[in-house]
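The lines below spell out each chain.
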Amino acid sequence: VIHPSKLKSPYTQEQVAAVKKDVEAILKNKDYDDGSIGPVLVRLAWHSSGTYCAETKTGGSNGAGMRYEKEGGDPANAGLQHARVFLEPIKEKHSWITYADLWTLAGVVAIKAMGGPEIEWYPGRTDFVDDARVPPRGRLPDAAQAQDHLRAIFYRMGFNDQEIVALSGAHNLGRCHADRSGFEGPWVNNPTRFSNQYFKLLIKLKWEKKHLGREAQGAHWQWIARLPHMDEEDEPLMMLPTDMSLTLDDKFKPWVEKYAEDQDLFFKDFAAVFGKLIELGVTRDESGLAKHDGKAGEYKSA
Ligand code: CCH
């Protein structure tokens with residue numbers, strides 16, 4: 001396999017730079033969540049890639065299957081239509097870029113713009129997808145579970161324990177929305193700034209198990225806590241059961257501690273593992289295009 005950096009790019013450097021610039025320009029949005037669409041773009045890049053199965057070599061970001069109900073309608077992807085709609089004008093303006101490339105690139109641009117590390121991104125994903133290739137539902141993690149489930153999901157993609165913890169640090173960004181996942185609130189007090197705060201708070205704060213919404217309406221229990229300067233009326237910070245499980249596991253916990261102490265190490269490891277995530281299932285030929293059997297942008301129903 002030739003390293004993607006050695007392959008011919010289907011786009012010029014100027015084209016990619018123009019898309020990056022346009023993504024940067026739409027990140028700030030005072031009407032959306034905490035003032036940035038960056039976090040939901042990062043989640044789009046992750047969910048488009050996180051369906052990968054290393055054994056069957058199915059799933060992954062190639063194909064941009066989330067455009068179709070079979071993958072896009074997966075309850076695990078609730079809310080990501082907002083991210084796709086935000087990117088649509090950029091796709092219209094730069095129609096040469098595939099959705100699969102645009103979604104992964106937007107995530108990388110958002111992380112950097114929010115103060116995170118530079119992540120290597122390679123082009124060449126196509127938008128060809130067929131029924132046989134859309135991954136089955138249930139491949140993305142379920143936040144109500146714990147460390148055994150995290151291992152099953154991320155080992156399937158080919159990640160190890162250290163990589164699982166590093167990837168989880170993305171929860172420095174954004175928030176949970178009751179109507180999307182049944183969980184509510186941000187993990188950190190500055191959810192549009194990428195840092196290692198998530199790991200620090202995971203260790204330092206006294207987390208309390210709570211139902212914020214009504215169980216009957218689909219709300220899950222979660223962990224909540226407040227910083228010393230926060231009032232009772234302030235929205236609390238939160239951790240998912242899966243987040244907390246990282247501190248309850250002998251193999252995960254040392255990495256949580258390392259990343260809490262050393263932001264540079266976290267940034268370096270996060271950049272490597274996010275770069276690996278968005279490459280899952282993308283095998284390019286010498287032309288630089290990912291392998292596929294049909295025309296880009298076409299959906300074949302079996
Ligand atoms: Fe996550 N994530 N995620 N997550 N996630 C949610 C939101 C974000 C899990 C569950 C949830 C990763 C791993 C996991 C982001 C990035 C990553 C939500 C709230 C749930 C639930 C959704 C909502 O209500 O809108 C679980 C379980 C795992 C298991 O490991 C990984 C890996 C990444 C990226 C590397 C980001 C960013 C968000 C915020 C999205 C937003 O809209 O603000």
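Shown above is the structure to which this text applies.
None of these values were measured; they are calculated from a predicted model.

Here is what the cut-offs are and how they apply
- Residue numbering note: each chain is counted from 1, following its sequence as written.
- Where totals are concerned, whole chains, interfaces and linings use all residues; where local detail is concerned, this predicted model gives features only for residues with pLDDT of at least 70, and gives and counts side-chain atom pairs only at 80 or more.
- To get the side-chain values, take all heavy atoms of the structure and skip hydrogens and water.
- Strands are treated as partners if at least two bridges between them are detected by DSSP.
- For the purposes of this entry, the term helix denotes a DSSP run of H or I that reaches at least four residues, the term strand denotes a run of E that reaches at least two, and both are numbered from the N terminus.
- Only the stretch in contact is used when fitting a helix axis, every axis being a line fitted to C-alpha atoms; angles between N-to-C directions are given from 0 to 180 degrees.
- In this analysis a donor is any N, O or S atom within 2.8 Å of a metal ion (3.2 Å for sodium, potassium and calcium), and since water is not included, sites may seem incomplete.
- Definitions used for this entry: grid spacing 1 Å over protein atoms alone; cavity, a set of points where a 1.4 Å probe fits but cannot get out; pocket, an open set with protein on both sides within 12 Å along at least 5 of 7 lines; lining residue, one with an atom within 4 Å of a point.
- Grid points are joined across faces, edges and corners, and a volume is the space filled by probe spheres set on the points.
- Charged means Asp, Glu, Lys or Arg here, nonpolar means Ala, Val, Leu, Ile, Met, Phe, Trp, Tyr, Cys or Pro, and polar covers whatever is left, Gly included.

(A) Molecular detail of the sheet that holds strand S6 (residues 237–239). Spatial ordering of the open sheet is given by S4-S5-S6, a layout of 3 strands whose pairing is antiparallel. Two strands lie at the open edges of the sheet, namely strand S4 (208–211) and S6, each paired on one side alone. Taken pair by pair, the neighbouring strands of this sheet meet at an average axis angle of 50 degrees, ignoring direction. Relative to strand S5 (residues 221–225), S4 runs antiparallel, the two sharing 4 bridges. Residue Lys209 lies in a different strand from S5, and its bridge partner there is Trp223.

(B) A look at the coordination of the iron atom of the ligand. Looking at the iron atom of the ligand, one finds just one donor atom contributed by the protein, His171 (NE2), at 2.1 Å. Here His171 lies in the loop between helix H7 (161–168) and strand S2 (175–176).

(C) Region of interest: the layout of surface pockets. In this model, the largest pocket occupies a volume close to 900 Å³. Lining the largest pocket we find 43 residues, and of these Arg43, Trp46, His47, His171 and Leu240 sit closest to its centre. In terms of residue count, helix H2 (residues 38–49) provides more of the lining of the largest pocket than any other element does, 6 residues in total. Among the residues making up the lining of the largest pocket, the classes are represented as 27 nonpolar, 10 polar and 6 charged. Its volume calculated, the second largest pocket comes out at about 460 Å³. Lining the second largest pocket are 24 residues, and of these Val16, Lys20, Trp121, Tyr122 and Pro123 sit closest to its centre. Contributions of two or more residues to the lining of the second largest pocket are made by helix H1 (13–27) and helix H5 (99–113).

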